Amino acid sequence: MPIENRDPASLITHALARDTLSRLRSVETEQVAFRKGLVKLGRICGYEIIDGAMETEYVSITTPLAETTGEHVKGLDDVVIVNVLRAATPFVEGLLKAFPRAKQGVISAGRDESVGMTDGEFPITIDYTKLPEITEDDTVIVADPMLATGSTMCRVLEHVLEDAPEPEDLFVLSAVSAPDGLLRVGERFPEADLLTVSIDDRLDDDGFIVPGLGDAGDRAFRTQ
């Protein structure tokens, strides 16, 4: 199965997804390879969402030789992908290879690490939001490579769902996730399906995922 249910999330188990994530984890993977790896992983995850969560319909096809029946994926024109800036940018680039006609939204959100955590959460600042209209027929995918405390994702989901009808499907997609963050997001947004390639061991005292990837944004954009 491409997607396995694991409490509190579902795991994308494709062998190439696991292989790509392993390469991303390595401290020896430099910037270009890291960014390309996030693109590749986003593409794989997109295909697995299509295969594991979207329906198909039968259609009539005329080939050069005969009439036949084929299948089309339903709902590919009704996909909204939300890019949580900045680390998700290459991840979303890969998703768009699977959903080239998707509507796109961006939210610039970041945690204030100078303040530190309170009850396992960081204060979150939203600097910029631009979202397309979301309808009840849409499949919404909110993408962020790392789901740590869940503080950022909860604030992002508040903005995405504010004044919008409940979409057909709502996915929170990450490459690596910490148990604490998955539980927090799942409790506050039970309507969301949480998808990840790995549920990692824990958060450290600074709120970083262990073993994790390091800072995905810094590694992808060479700002560290």
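Owing to the predicted nature of the structure, the values given are computational and were not obtained by experimental measurement.

Asks: Could you clarify how one ought to interpret the environment of Gly 214 in this entry?
Replies: Among the secondary structure elements, Gly 214 is positioned in the loop between strand 13 (209–210) and helix 6 (216–221). Judged by relative accessible area, Gly 214 falls into the partly exposed class, the value being 39%. A sequence separation of 165 residues divides Gly 214 from Ile 49, and the C-alpha atoms of the two residues are 26 Å apart.

Asks: Looking at this structure, how should I read a negative patch on the surface?
Replies: Residues Asp 78, Glu 136, Asp 137 and Glu 168 make up a contiguous surface patch of negative charge. Topologically, Glu 168 is positioned in the loop between helix 4 (151–161) and strand 10 (169–177). A relative accessible area of 53% places Glu 168 in the exposed class.

Asks: Any chance you could explain unusual backbone geometry here in plain terms?
Replies: Outside of glycine, negative phi angles account for most residues, and trans bonds account for most peptide bonds. Omega for the peptide link from Asp 7 to Pro 8 comes to 10 degrees, which places this bond in the cis form. Following the sequence through the fold, Pro 8 ends up in the loop between strand 1 (3–6) and strand 2 (9–12). The residue after Leu 85, namely Arg 86, is reached through a cis peptide bond having omega 5 degrees. Summarising the element assignment, Arg 86 is placed in the loop between strand 5 (79–85) and helix 3 (88–98). One non-glycine residue, Asp 163, lies in positive phi territory at about 60 degrees.

Asks: I tried to follow the UniProt feature "binding site: uracil" (unreviewed entry) in the chain on my own but got confused; where do I start?
Replies: Here the UniProt feature "binding site: uracil" (unreviewed entry) sits at Ile 209, Gly 214, Asp 215 and Ala 216. For Ile 209, the location among the structural elements is in strand 13. Taking the relative accessible area as the measure of exposure, Ile 209 reaches 6% and is therefore buried. Mapped onto the elements of the fold, Ala 216 is located in helix 6. Exposure remark for Ala 216: the relative accessible area of 2% places this residue in the buried category. Setting aside its immediate chain neighbours within four residues, Ala 216 contacts Phe 34, Ala 87, Pro 145 and Met 146.

About the thresholds
Residues numbered from 1 in each chain as written. Predicted model: local features only at pLDDT ≥ 70, side-chain atom pairs only at ≥ 80, totals over all residues. Heavy atoms only, no water. Helix = DSSP H or I, 4+ residues; strand = E, 2+ residues; numbered from the N terminus. Buried < 20%, exposed > 50% of the residue type's maximum accessible area, 1.4 Å probe, protein only. Patch = residues over 30% accessible without salt bridge, like charges linked within 9 Å, V, L, I, M, F, W, Y side chains within 5 Å. Areas by Shrake-Rupley, 256 points an atom, 1.4 Å probe, with all protein chains shown as cover. Salt bridge = Lys/Arg side-chain N within 4 Å of Asp/Glu carboxyl O. Lys, Arg positive; Asp, Glu negative; His and termini not counted. Charge placed at Lys NZ, Arg CZ, Asp CG, Glu CD. UniProt positions renumbered as here; feature names shortened; annotations may be inferred. Contact = heavy atoms within 4.5 Å.

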